[in-house]
Amino acid sequence: MAEQGAAEIAVRRAVAAPRIVIDEITPAVDGGRFAAKADEATAVPVAATVFCDGHEALQVRVLWRRRGSRRWQAQPMAPCGNDRWQTMLAPLLLGDYELAIEAWISPFDNLLNRLQARFEAGFAVQQEWLDMERFLLALAGAGDEPPEATLTAKLDVLRQHQACGEVLLLLAQLHNAALREAVASLAPRPHSVRSNRLPLRVERLRARFASWYELFPRSQSGSPLRHGTLRDVIAQLPQIRAMGFDVLYLPPIHPIGQTHRKGRNNSLVAGPDDPGSPYAIGAEAGGHEALHPELGSLEDFSDLVAALHEQGMELALDFAVQCSPDHPWLREHPGWFDWRADGSLRHAENPPKRYEDIVVPDFYQADAVPALWLALRDVVETWVRRGVMIFRVDNPHTKPLPFWEWLISDIRGRHPRVIFLSEAFTRPAMLHRLAKCGFSQSYSYFTWRNDKAALTEFFIELASNDTANYLRPHLFVNTPDINPYFLQHGGRAAFLIRAVLAATGGGLWGIYSGFEICEAAALPEREEYLDAEKYQLRPRDTFAPGHIRAEITLLNRLRAAHPALQTQRGFTAYQAWNEHIFYFGKHVAGTDEHILVAVCLEPFDVQEAAFEVPLWALGLPDDATVDVEDLCSGEHFHWHGKIQHMRIDPLQQPYRIWRLIAPPTSSEGPSQLSAGIAGNGSVTHEGGRPDDY
């Protein structure tokens, strides 16, 4: 008897288990452990694999709500083949959300499918109609007045069609939207199941699409003999904005320590006029919340923020969690740092690089928890109050992951407009984990991807949903720390090559001042600048002969005009039969925008190639003619047939950017996908059902 009782219990558990499977939900990151990312300007595609045993008809919908709210909103999902269901959520407001997928067996659709299938097979449908009528009559007496009245009125019409043998009209009425809405509000939902809740973070468009320009304020005076100020930076804004940049990024602007101050070219001995590295933060004048006295006052800083806004730009500020030995925290909170047995401080290093002028707090010292964590949070909060909404975080991979996850969540909970950029040239796993922990943007390995195979693999990975749901790559072409070999040896053409790859490959790109004049002088056999600006003043003539300002301006103008160039998504590598020509397309789903980019990766020699025109993407046969616009020259012409030929002279223009002009939409109906999305109906508020799980 005991065995029989146990078996009955097991059966009852199996009976209570879900019949419906909900799997492979997107957007989701690590099964919901981390938030997927969306932006406020773009609809959110939601999809899931949903199926059941047998031939049961299902209804599937997505539920969403703001984090902390009890009220769910709901939107139906449409089947798109192979048990996949999807819909598009209208752009959401900034903030954190939860998503869930809900599915159930639909008795109404089961009855309707059987009736329609028997009719189409030429069978009598009298019994199927009686089953449907009984089902609708039961619902008509089970609900509130509005849906009950709708059902009663529709039943009269349905009976008239059935009595007259007008089955086609009967079926049309059964598909009527008003009838289906009334049924949906009253019908039971047998075997209903919900997925786990999945987090979604909606950020500003600038988290996905922006063009950054980095400069050192202290070099903006125009003279190597005078330290620049924030007022000097304000004077530079019009010409930076004229190139199309919308974010000005400044390295740390805090007081710089004297102890172990670095001299020119990172020498260990500084001269009396050497300004030191701005990353050696902290001196008598203050620490992370203070402004370097030679840059000006906090009033000047406020004026810089206002001037940027007037230009349609904003400020990104470096957040470097490190200190000069002169930082006030060393005196006030010695327990936050790592002291050697001999009483000396452990300075920062990344062999063979040494940073004798920098010490790093220890996040897990007893005195540092929670005081250090809260103090760093307050640093960010201080600059947010001063108008900074973007922070480029220096070396986040050398600080604890739990700290970043907590800090970003804490700041964004109060300031959802804040954007964090992760500067982490590190192992792939760490780079990706930092993005999952909440960083809006990420440095990447783009800097060292130069050949066709590496670039193809790189951009395919970034465009995949698995990656793009949480990682937004920031394609910087150079940094004060990195002077790539390709730029050192490739001349002006190399700078144009890297610029067009960055500007068209993803939504985020940036340059460090000097790039526009092809500055490349390097320390011997090092990817570092000679006379690096990190250690000295470097005023520049950014209009020097040979500059590429016009080309950069054009790239930024094209990015602003063409949505396909505003995201890492939509990348497709196309065939060009030459290993020195990287050829790809960018397309935004749901639009007729098809951009083609061809880049000569060889900076010195002319390259030619036959290449494929993706006529199939426009729904055209291989022998069709398509209109083309050269986005660089403005020229319009035609391509006849799928195979075309290109010739690129890198010393003239090492790239081509074309727009395919799609022919008018055919008279056929919308695709299954678009039809499914269009037919999903309006957003509804969840009512009459449990508010939570």
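Quick caveat: nothing in here was measured; it's all calculated off a predicted structure.

Student: Let's hear about the nonpolar core: which residues, and what values?
Tutor: Core analysis: the biggest nonpolar cluster contains 130 residues, and V50, I101, L248, F319 and W509 have the highest contact counts within it. The element that contributes the greatest number of residues to this core is helix α15 (residues 485-505), accounting for eleven residues. I101 has contacts with I22, I25, V46, A48, V50, V60, R61, V62, M77, V193, R194 and S195, leaving out every residue within four places of it along the chain. Formed by 23 residues, the second largest nonpolar core is a distinct cluster that contains L111, F135, L136 and V183.

Student: So, the packing of helix α2 (residues 107-120) against helix α3 (residues 126-140): which residues are in play, and what are the values?
Tutor: Remark: α2 packs on α3, axes separated minimally by 9 Å, with the N-to-C direction vectors making an angle of 160°. Taken together, the axes of α2 and α3 lie roughly antiparallel to each other. As α2 packs across α3, the resulting crossing turns out to be left-handed. Only E128, W129, D131, M132, F135 and L136 of α3 make contact with α2, whose side of the interface consists of P107, F108, L111, L112, R114, L115 and R118. When grouped by side-chain class, the residues that make up the contact of α2 with α3 number nine nonpolar, no polar and four charged.

Student: Describe in detail the side chain of R208, supporting the description with residues and values.
Tutor: With respect to the helices, strands and loops of the structure, R208 is situated in the loop between β10 (198-203) and β11 (210-214). Under the relative-accessibility criterion, R208 is labelled buried at 16%. Of note is the side chain of R208, whose polar atom sits 3.2 Å from the side chain of T42. In this structure the side chain of R208 is engaged in a polar contact, spanning 2.7 Å, whose partner is the backbone oxygen of Q566.

Student: Would you mind going over the pattern of salt bridges in detail, with residue names and values included?
Tutor: This model, assessed by the stated rule, comprises 41 salt bridges. Between E203 and R412 there is a salt bridge whose closest N-O contact spans 3.4 Å. Of this pair, E203 sits in strand β10 while R412 sits in helix α11 (residues 401-414), and the two are 209 residues apart along the sequence. Taken as a pair, E203 and R412 share a single burial class, namely buried. The closest approach of N and O atoms between R377 and D410, which form a salt bridge, is 3.2 Å. Remark: D410 occurs in helix α11 and R377 occurs in helix α10 (residues 371-385); sequence separation between them is 33 residues. Given the relative accessible area of 16%, R377 is considered buried. A cluster of three or more residues bridged by salt bridges with shared partners is formed by R377, D378, E381, D410 and R414.

Student: Pulling in residues and values, what's your account of unusual backbone geometry?
Tutor: Residue P27 is bonded to the preceding T26 through a cis peptide linkage, with omega at 5°. Among the secondary structure elements, P27 is positioned in the loop between β1 (21-26) and β2 (36-39). Of note in this structure, N82 is not a glycine but carries a positive phi near 60°. Even without glycine at this site, C518 takes up a positive phi of about 60°.

Student: Before we move on, can you summarise the sheet that holds strand β16 (residues 390-394) with the specific residues and values?
Tutor: In spatial order, the strands read β11-β12-β13-β16-β17-β18-β19-β20; together these eight strands close into a barrel with parallel pairing. Along the sheet, successive strands turn relative to each other by an average axial angle of 25°, direction set aside. Relative to strand β18 (residues 441-443), strand β17 (residues 419-423) runs parallel, the two being bridged by two bridges. Bridge assignment links L421 to a residue of β18, and that residue is Q441.

Student: Kindly report on the UniProt feature "site: Transition state stabilizer" (unreviewed entry) in the protein, identifying the contributing residues and their values.
Tutor: Within the UniProt annotation, "site: Transition state stabilizer" (unreviewed entry) is assigned to D481. As for its placement among the helices and strands, D481 is situated in the loop between β19 (473-476) and α15. We classify D481 as partly exposed; its relative accessible area is 27%. Excluding its chain neighbours within four sequence positions, the residues that come into contact with D481 are E527, E528 and K534.

Student: Before we move on, can you summarise the sheet that holds strand β25 (residues 625-630) with the specific residues and values?
Tutor: If you trace the six strands from one edge of the open sheet to the other, you get β21-β22-β23-β28-β25-β26, paired in antiparallel fashion. The sheet is open, and its two edges are formed by β21 (571-573) and β26 (636-640), each paired on a single side. Each adjacent strand pair in this sheet contributes to an overall mean axis angle of 30°, direction not counted. Of the pairings in the sheet, the one linking β25 to β26 comprises five bridges and is antiparallel in character. By the bridge assignment for β26, V628 is matched with F637. The strands touched by α15 within the sheet are β22 (581-587), β23 (593-600) and β28 (655-661), with β23 carrying the most contacts at an inclination of about 155°.

Student: I'd love a proper account of the environment of R194, names of residues and values included.
Tutor: If you trace the backbone, R194 turns up in strand β9 (residues 193-194). Through-space distance from the C-alpha of R194 to that of V21 is 9.6 Å; in sequence the pair is 173 residues apart. Here E102 takes part through its side chain, which lies 3.0 Å from a polar atom of the side chain of R194.

So, how was this worked out
- As a convention, each chain's residues are numbered from 1 in the sequence order in which they are written.
- Local features in this predicted model are restricted to residues whose pLDDT is 70 or higher, and side-chain atom pairs enter the listing and the counts only when it is 80 or higher, whereas totals over whole chains, interfaces and linings include all residues.
- Side-chain metrics in this entry use all non-hydrogen atoms of the structure; hydrogen atoms and water are not considered.
- The term nonpolar core refers to a set of buried residues drawn from Ala, Val, Leu, Ile, Met, Phe, Trp, Tyr and Cys, joined through side-chain atoms within 4.5 Å.
- Relative accessibility decides the category of a residue: with a 1.4 Å probe and only protein chains considered, values under 20% of the type maximum give buried, values over 50% give exposed, and everything between is partly exposed.
- Only DSSP runs of H or I covering at least 4 residues are called helices, and only runs of E covering at least 2 are called strands; the numbering of each starts at the N terminus.
- What makes two residues a contact is simply this: any of their non-hydrogen atoms within 4.5 Å.
- Between N-to-C directions, angles cover 0 to 180 degrees, with each direction set by a line fitted to C-alpha atoms, over the stretch in contact for helices.
- The cut-offs work like this: below 35 degrees is roughly parallel, past 145 is roughly antiparallel, 65 to 115 is roughly perpendicular, and the gaps in between are oblique.
- By convention the crossing between two helices is left-handed if the near helix lies anticlockwise of the far one by an angle smaller than a right angle, and right-handed if it lies clockwise.
- Any residue that is not Ala, Val, Leu, Ile, Met, Phe, Trp, Tyr, Cys, Pro, Asp, Glu, Lys or Arg is counted as polar, Gly included; the first ten are nonpolar and the last four charged.
- Residues adjacent in sequence count toward polar contacts only when both atoms are side-chain atoms; beyond that, a polar contact is any pair of N or O atoms within 3.5 Å, and within protein one must be able to donate a hydrogen and the other to accept it.
- A carboxyl oxygen of Asp or Glu within 4 Å of a side-chain nitrogen of Lys or Arg is what we treat as a salt bridge.
- Here, a strand pair is defined by DSSP locating no fewer than two bridges between the strands.
- UniProt positions are given in the numbering used here, feature names are shortened, and annotations may be inferred rather than shown by experiment.

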